[in-house]
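Observations on the model geometry
Spelled out from the first residue to the last, the chains are:
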Amino acid sequence: MCKKSVFYRTRRCVALWMVLLFMGIYQVASASPRTALTHSAVAVPDQFAADTANAIFAKGGNAVDAAVAVAFSLAVTYPEAGNIGGGGFMTVYFKGKPYFLDYRERAPLKATRDMFVDSSGKKVIAADQPQGSVIGHRSVGVPGTVAGMWAAHKRFGKLKWVQLIEPAIDYAHHGFVVDDALASIATSENAKRFAGKTNFAEHFGKLQAGTTFKQPELEAVLKRIAAQGPKGFYAGKTAALIVTDMSANGGLISAQDLADYKAVWRTPIQADWNGFQIVTAPPPSSGGVALVQLLKMKEMRREDFQGVPLNSARYMHLVAEIEKRVFADRAQYLGDPDFYTVPVHELIDEHYLAGRASQVSLSGPSDTSKVVAGLNIESPEKPQTTHFSIVDKWGNAVSNTYTLNGFFGSGVVAEKTGILLNDEMDDFSALAGVPNQMGVVGTDTNAIEPGKRPLSSMTPTIFLKDGKVALVIGTPGGSRIFTSIFQVVSNVYDFHLGLKDSVGAMRFHHQLLPANTIFWEPYAPISGQLAADLDVAGYYLANQGFNGDIQAIRVQHGVPEPVSDPRGRGVTTIGK
């Protein structure tokens with residue numbers, strides 16, 4: 001190739017090698033992640049989960065590895081909501097592509113439409129009674145968490161599966177120091193809900209702050225999962241123990257239910273908003289549709305919001321008007337897409353939303369009876385869920401929300417397993433036309449059917465800017481989840497507050513029914529002049545009885561900023 005004179009040959013060879021060198025550099029640059037960050041970051045519910053994530057990153061793990069490890073760790077150290085006996089949703093952005101994993105619980109094959117209705121066919125069995133929809137074995141849906149974590153790991157994991165379970169096994173074996181919050185919640189829930197009705201007290205009823213809590217039975221289960229993957233939960237000894245416990249106590253979950261369970265990869269909802277691309281949860285979550293509707297309708301009414309102070313009476317009225325319409329749609333149209341065709345595209349269509357936004361009343365609350373589209377307004381799901389957000393140095397991100405439903409789920413610990421089981425059957429509408437325990441009327445879209453997943457408001461969400469992660473966010477809170485996320489996002493991008501201030505700001509909630517009612521949170525009660533102004537505007541105020549727990553990471557110029565909600569005991573960390 002390099003012939004002719006020495007001079008010519010040398011010059012040509014040098015030029016050729018320069019071209020090849022340039023091409024090599026270009027290829028390396030092209031192969032390196034466009035979305036690479038300065039470091040990893042997590043916003044998680046407790047310090048143990050943060051330590052777990054850091055350990056996984058130190059071993060070279062990615063965001064999905066860290067998410068799986070955190071989920072298992074929280075099943076040990078955050079038992080009120082972290083779990084392997086429940087289920088949830090995971091939104092993933094990996095190597096520049098969005099994904100959504102549905103590992104929501106399913107109704108057992110023996111479940112029936114009217115299983116929580118008494119012999120008269122008119123009254124829902126009291127939710128706080130054993131074998132009702134909230135407490136006891138019949139309230140338990142088929143758990144999905146282990147299958148979900150396995151599916152995420154198989155598709156995106158970098159480390160070995162056993163490495164991701166090791167931190168949880170260690171916490172179960174050596175124990176962890178119980179903090180005041182966990183001890184208080186366990187004592188309270190046992191006294192108010194579980195005492196004398198389940199075996200909760202035997203396992204968690206005497207937790208004391210400052211003591212070390214060990215869980216040897218749960219450790220054994222985790223070791224089986226580490227060694228066998230999902231078969232360590234859905235088959236073999238663990239499955240046999242769960243089924244035996246169910247059979248002995250009137251539960252419905254069978255060996256077939258466990259063997260048949262599969263997590264499902266679904267197409268995430270994606271929508272453009274304000275220069276960002278939203279990647280969020282599709283049905284059976286109602287949250288993704290609702291979040292997009294809230295953000296887009298507020299943007300469509302931006303002139304009405306112009307100059308209106310954040311969290312003023314005027315601002316709260318305008319937001320409540322939008323929320324009315326979102327909750328009406330939620331009730332009528334959303335359910336498990338495997339059982340019902342959900343009109344997702346129609347519900348987030350610009351023309352449809354423009355029509356809904358045009359109905360906003362500027363002068364005062366709209367007549368609730370004329371805001372039509374559904375019957376079931378309040379979600380029966382509980383606010384006691386948990387969420388974590390994670391980004392890695394390669395620019396991948398995970399937003400994960402999972403739950404047992406109520407604090408500690410059904411209050412049932414499957415005998416000889418240490419596994420707290422969910423009460424997710426309460427998230428179904430017990431019977432169309434029959435009020436549930438909260439006086440709420442349901443519709444067929446969320447009626448109980450064997451194998452069906454109940455409707456949820458969990459909304460793990462990722463915002464992208466020019467194909468790069470800009471915000472990872474989520475929270476517990478039941479039907480308040482997507483309204484809370486909406487407010488934080490609006491605080492950040494509409495009011496240009498810092499993420500910490502955006503998360504810490506007061507939040508409120510309206511959901512069409514009860515009519516003209518705005519719920520406030522204990523963390524920041526609505527009082528004084530603001531309360532008076534809302535009263536004059538025609539609103540009633542009510543304490544919603546709980547605070548959210550936003551876990552968020554904002555990324556700017558490749559630098560992640562994690563923030564945990566001051567309302568909870570969450571922790572943020574920056575990794576390598």
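Keep in mind that what you see is a predicted model, and the values were worked out from it rather than measured.

**Digging into the overall build of the chain**
When helices and strands are counted, the chain shows 19 helices and 20 strands. Residue burial in the chain is summarised as follows: out of 576 residues, 61% are buried. Pairs at least 24 residues apart make up 73% of the contacts formed inside the chain by residues separated by at least 6 positions. When the accessible surface of the chain is totalled, it reaches about 21700 Å², and 55% of it is carbon and sulfur.

**Some remarks on the pairing of strand 18 (residues 551-556)**
With five of six residues buried, strand 18 lies mostly within the body of the structure. Of the pairings in the sheet, the one linking strand 14 (residues 468-474) to strand 18 comprises four bridges and is antiparallel in character. Residue I473 lies in a different strand from strand 18, and its bridge partner there is A552. Bridge count between strand 18 and strand 19 (residues 559-564): six bridges; the pairing is antiparallel. From the neighbouring strand, Q556 faces strand 19, where its bridge partner is V559. In this structure, the hairpin formed by strand 18 and strand 19 is closed by a connection of two residues, where H557 is found at a positive phi of approximately 55°.

**Overview of the sheet that holds strand 19**
Backbone-to-backbone hydrogen bonds pair the strands of a sheet. The strands run either parallel or antiparallel. If you trace the six strands from one edge of the open sheet to the other, you get 7-8-13-14-18-19, paired in antiparallel fashion. Lying at the two open borders of the sheet, with one neighbouring strand each, are strand 7 (269-273) and strand 19. Across this sheet, the average inter-strand angle for adjacent strands is 20°, counted without regard to direction. Sitting on the sheet, helix 12 (residues 287-300) is in contact with strand 7, strand 8 (276-280) and strand 13 (461-465), with an inclination near 10° to strand 7.

**Digging into helix 2 (residues 47-58)**
Between the first and last C-alpha of helix 2 there are 16 Å, a value that for 12 residues agrees with the 16 Å anticipated at 1.5 Å per step. Residues of helix 2 that are buried include every one of A49, A50, T52, A53, I56 and F57, and no others. Within helix 2, the buried residues cover an arc of 160° as seen down the axis, which keeps them to one side. Packing partners of the buried residues in helix 2 comprise strand 1 (41-44), helix 3 (63-77), helix 5 (161-174), strand 9 (385-391) and strand 20 (571-574). Where helix 2 begins, one side-chain oxygen reaches toward the backbone nitrogen of F48, 3.2 Å away; that side chain belongs to D46. Looking one or two residues past helix 2, G60 carries a phi angle of roughly 95°, positive in sign.

**What about the nonpolar core?**
For soluble globular proteins, the rule of thumb is that nonpolar side chains tend to be buried together. Counting residues in each nonpolar core, the largest one holds 85 residues, and the members touching the most others are F72, I84, M90, L222, F388 and I390. Ignoring any residue separated from it by four or fewer positions in sequence, one finds I390 in contact with A41, V42, F57, A63, A66, A67, V70, N396, A397, V398, V472 and I553. In terms of nonpolar packing, the next biggest core, distinct from the first, is built from 66 residues, L347, I348, F482 and V489 among them.

**Details of unusual backbone geometry**
Note the cis peptide between P283 and P284, where omega equals 20°. As for its position among the elements, P284 is in the loop between strand 8 and helix 12. The step from L513 to P514 runs through a cis peptide bond, and the omega angle for that step is 0°. Inspection of the secondary structure assignment puts P514 in the loop between strand 15 (508-509) and strand 16 (517-520). Of note, N405 is a non-glycine position whose phi angle comes to about 90°, a positive value.

**Considerations on the side chain of R301**
Inspection of the secondary structure assignment puts R301 in the loop between helix 12 and helix 13 (302-305). Residues in contact with R301, not counting those within four places in the same chain, are A357, S358, V360 and L362.

**Re helix 12**
Taking 1.5 Å per residue as the helical rise, helix 12 with its 14 residues ought to reach 20 Å, and the 20 Å between its terminal C-alpha atoms agrees with that figure. Summarising burial for helix 12: 12 of the 14 residues are buried, a large majority. Burial in helix 12 covers these residues: G287, G288, V289, A290, L291, V292, Q293, L294, L295, K296, M297 and K298.

**A look at the side chain of S73**
Structurally, S73 can be placed in helix 3. Accessibility expressed as a relative area gives 0% for S73, which makes it buried. One polar contact links S73 to T52, side chain to side chain, over a distance of 2.8 Å.

**Topic: the pattern of salt bridges**
In the structure shown here, the tally under the stated rule is 23 salt bridges. For D329, the salt bridge identified is with R356, shortest N-O distance 3.1 Å. Of the two residues, D329 is situated in helix 14 (residues 313-333) and R356 in helix 16 (residues 350-357); the sequence distance between them amounts to 27 residues. Comparing D329 with R356 shows no difference in burial state: the two are buried.

**Quick notes on the packing of helix 12 against helix 14**
Direction vectors running N to C along helix 12 and helix 14 enclose 140°, while the axes themselves pass 10 Å from each other. Considering their axes alone, helix 12 and helix 14 lie oblique with respect to each other. Two packed elements cross with a definite hand, and for helix 12 against helix 14 that hand is right-handed. Between helix 12 and helix 14, the contacting residues are A290, Q293, L294, M297 and K298 on the first element and Y315, I322, E323, V326 and D329 on the second.

**Describing the UniProt feature "active site" (unreviewed entry) in the chain**
Mapped onto the present numbering, the UniProt feature "active site" (unreviewed entry) falls at T385. Its place among the elements puts T385 in strand 9. When residues no more than four places from it in sequence are discounted, the contact partners of T385 are A81, T401, Y402, T403, N405, M458 and P476.

**Things to note about the packing of helix 14 against helix 17 (residues 481-493)**
To describe two helices that pack against each other, one gives the angle between their axes and the distance between the axes. Across the interface, helix 14 lies against helix 17 with an axial gap of 12 Å and an inter-helix angle of 140°. Between helix 14 and helix 17, the angle falls in the class oblique. In this structure, helix 14 crosses over helix 17, and the sense of that crossing is right-handed. Here helix 14 contributes Y315, V319, E323, V326, F327 and R330 to the contact with helix 17, which in turn contributes F482, T483, F486 and S490.

**Here's the deal with the packing of aromatic side chains**
Inspection of every chain in the model, using the stated rule, returns 27 aromatic pairs. Between W150 and W161, the ring centres sit 4.9 Å apart and the planes meet at 80°, which makes this aromatic pair edge-to-face. Residue W150 is located in helix 4 (residues 145-156), and its partner W161 is located in helix 5; the two are separated by 11 residues in the primary sequence. By relative accessible area, W161 is classed as buried at 7%. Ring pairing ties together the aromatic residues F48, Y171, F176, F194, F200, F204, F213 and F408, which thus form one cluster. Across the ring face of W265, the terminal group of R155 is positioned such that the distance to the ring centre comes to 4.7 Å.

Analysis parameters
- Residues numbered from 1 in each chain as written.
- Predicted model: local features only at pLDDT ≥ 70, side-chain atom pairs only at ≥ 80, totals over all residues.
- Heavy atoms only, no water.
- Helix = DSSP H or I, 4+ residues; strand = E, 2+ residues; numbered from the N terminus.
- Buried < 20%, exposed > 50% of the residue type's maximum accessible area, 1.4 Å probe, protein only.
- Contact = heavy atoms within 4.5 Å.
- Areas by Shrake-Rupley, 256 points an atom, 1.4 Å probe, with all protein chains shown as cover.
- Pairing = 2+ DSSP bridges.
- Axes fitted to C-alpha atoms, helices over the stretch in contact; angles between N-to-C directions.
- Expected span 1.5 Å × (residues − 1).
- Arc of directions from axis to C-beta.
- Polar contact = N/O pair within 3.5 Å; in protein donor to acceptor, adjacent residues only side chain to side chain.
- Core = buried A, V, L, I, M, F, W, Y, C linked by side-chain atoms within 4.5 Å.
- Salt bridge = Lys/Arg side-chain N within 4 Å of Asp/Glu carboxyl O.
- Parallel < 35°, antiparallel > 145°, perpendicular 65-115°, else oblique.
- Left-handed = near helix turned anticlockwise from the far one by under 90°.
- UniProt positions renumbered as here; feature names shortened; annotations may be inferred.
- Phe/Tyr/Trp six-rings, centres within 6.5 Å; stacked < 30°, edge-to-face > 60°.
- Lys NZ or Arg CZ within 6 Å of the ring centre and 35° of its normal.

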